[in-house]
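# Observations on the model geometry
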Amino acid sequence: MDGMMRAAAPVRQGGGFGLFLKRWARNPLQMGSVVPSSPALGRRIARLSRWDEGRCVVELGAGTGAVSRALLAAGLPPERLVVVEIVPEMAEHLRESLPGVRVITGDAFALPELLPPGMRVGTVICGIPLVLLPLERQRAFTRAVEAVAPGLGFLLYTYCITSPLPWRALGLEAKREAWTPLNLPPASVWRYRPG
Ligand SMILES: C[S@@+](CC[C@H](N)C(=O)[O-])C[C@H]1O[C@@H](n2cnc3c(N)ncnc32)[C@H](O)[C@@H]1O
């Protein structure tokens, strides 16, 4: 685990299955999944995240907070977790179920305008279904991340068997860091960094 460990406070279960399903029915391309991520996937993402030296973890597309809760359970202090969610109803759910976490209702593509200036980022985690977007939008996403976390890149979880991003065309390096069959469907975690 790269992140700074400490005794983790008990994390409230957030539920939100009904809300997730409702949003998927309304906008499947924006949701990218019918059900929230499993705790097993969340634990793998937490293991790959770092928040040492006072840094924050920025989670984009937090949904109903499945990955957020895994990060908190792994010891990330709530005040060092920043989650961005574009759907106001889901952001409200996150605010209610994740006390102490900074919840930003907004578009991850506008990340540099959403984060407080000078915030030190340890890891950016992306839950947004980038694979469904055209190359230009994927490029815009990588630029937004680079502006707030220079050189760090981001973690992306996916159900794709191969890389969900055309990393060479995006000028990135790519590494599949983890895989779990204990997710519906089985999922991988990729790390992308500027090449
Ligand atoms: C696959 S779900 C992941 C939810 C949650 N992180 C999980 O693992 O269960 C994708 C989430 O990204 C959000 N989303 C999609 N586009 C977004 C954007 N441009 N900015 C912020 N959130 C976005 C969706 O509303 C949805 O909650």
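Residues numbered from 1 in each chain as written. Predicted model: local features only at pLDDT ≥ 70, side-chain atom pairs only at ≥ 80, totals over all residues.

The protein chain has the name Phosphatidylethanolamine/phosphatidyl-N-methylethanolamine N-methyltransferase in an unreviewed UniProt entry, where Muricoccus roseus is given as its organism.

### A closer look at the overall build of the protein chain
In terms of regular secondary structure, the protein chain is built from 7 helices and 7 strands. Counting helices and strands in the order they occur from the N terminus, the protein chain gives α-α-α-β-α-β-α-β-α-β-α-β-β-β. Expected size for 195 residues packed as a compact globule is a radius of gyration near 16 Å; at 15 Å, the protein chain falls within 12% of this value. Counting across all 195 residues of the protein chain, residues that qualify as buried make up 41%. Considering only intrachain contacts with a sequence separation of at least 6, the fraction spanning at least 24 residues in the protein chain is 69%. (Helix = DSSP H or I, 4+ residues; strand = E, 2+ residues; numbered from the N terminus. Rg over C-alpha atoms; globule rule 2.2 N^0.38 Å. Buried ≥ 20, exposed ≤ 12 C-beta atoms within 10 Å, placed from the backbone. Contact = placed C-beta atoms within 7 Å.)

### Observations concerning the sheet that holds strand E1 (residues 56–60)
Pairing is mixed in the open sheet, where 7 strands are placed in the order E3-E2-E1-E4-E5-E7-E6. Looking along the sheet, the strands with just one partner apiece sit at the ends: strand E3 (102–105) and strand E6 (172–180). When the angles between neighbouring strand axes are averaged without regard to direction, this sheet yields 20°. Of the strand pairs in this sheet, E1 and strand E4 (residues 121–126) are connected by 5 bridges, and their pairing is parallel. Each residue of the ladder has a partner; that of Leu-60, found in E4, is Cys-126. Set on the sheet, helix H3 (residues 39–47) makes contact with E4, strand E5 (154–158), E6 and strand E7 (187–194); between it and E6 the angle comes to about 135°. (Pairing = 2+ DSSP bridges. Axes fitted to C-alpha atoms, helices over the stretch in contact; angles between N-to-C directions.)

### Some remarks on the site of the ligand
Around the ligand, 23 residues are found, and the nearest of them are Pro-36, Ser-37, Gly-61, Gly-63 and Gly-127. Elements that contribute at least two residues to the shell around the ligand include exactly helix H2 (28–31), helix H4 (66–73) and strand E2 (81–85). Broken down by class, the residue content of the shell around the ligand amounts to 14 nonpolar, 7 polar and 2 charged. (Near = placed C-beta within 6 Å. Nonpolar A, V, L, I, M, F, W, Y, C, P; charged D, E, K, R; others polar.)

### Notes on unusual backbone geometry
Cis peptide bonds are those with omega within 30 degrees of zero, and the linkage from Leu-184 to Pro-185 qualifies with -10°. Turning to its location among the elements, Pro-185 is positioned in the loop between E6 and E7. Backbone geometry at Glu-53 places phi at a positive 55°, although glycine is not the residue there. Among the secondary structure elements, Glu-53 is positioned in the loop between H3 and E1.

### Details of the pairing of E6
Where E6 and E7 come together, 8 bridges link them in antiparallel fashion. Its bridge partner being in E7, Leu-172 is matched across the sheet by Pro-194. Once E6 ends, the chain turns through 6 residues before running back antiparallel as E7.

### Describing the UniProt feature "domain: Methyltransferase" (unreviewed entry) in the protein chain
Annotation from UniProt places "domain: Methyltransferase" (unreviewed entry) at residues 57–151. Summarising residues 57–151: 38% helix, 20% strand, and an end-to-end C-alpha distance of 15 Å. (UniProt positions renumbered as here; feature names shortened; annotations may be inferred.)

### What to know about the packing of H3 against H4
In the contact formed by H3 and H4, the axes pass within 8 Å of each other and the chain directions differ by 55°. As summarised for this structure, H3 and H4 are arranged oblique, according to the angle between their axes. Viewed along their axes, H3 and H4 form a crossing whose handedness is right-handed. Across from Pro-39, Gly-42, Arg-43, Ile-45 and Ala-46 in H3, the residues of H4 making contact are Ala-66, Val-67, Arg-69, Ala-70 and Leu-71. (Parallel < 35°, antiparallel > 145°, perpendicular 65-115°, else oblique. Left-handed = near helix turned anticlockwise from the far one by under 90°.)

### Section: H4
For H4, the buried fraction is high: 7 of the 8 residues fall into the buried class. Within H4, the full set of buried residues consists of Ala-66, Val-67, Ser-68, Arg-69, Ala-70, Leu-71 and Leu-72.

### Some thoughts on the nonpolar core
In this structure, Ile-45, Leu-71, Leu-81, Val-83, Val-124, Ile-125 and Cys-126 are the most contacted members of the largest nonpolar core, which totals 50 residues. A per-element tally of this core places H4 first, with 5 residues. When sequence neighbours within four positions are dropped, the list of residues in contact with Val-124 reads Val-58, Leu-60, Val-145, Ala-149, Leu-152 and Phe-154. (Core = buried A, V, L, I, M, F, W, Y, C linked by C-beta atoms within 7 Å.)

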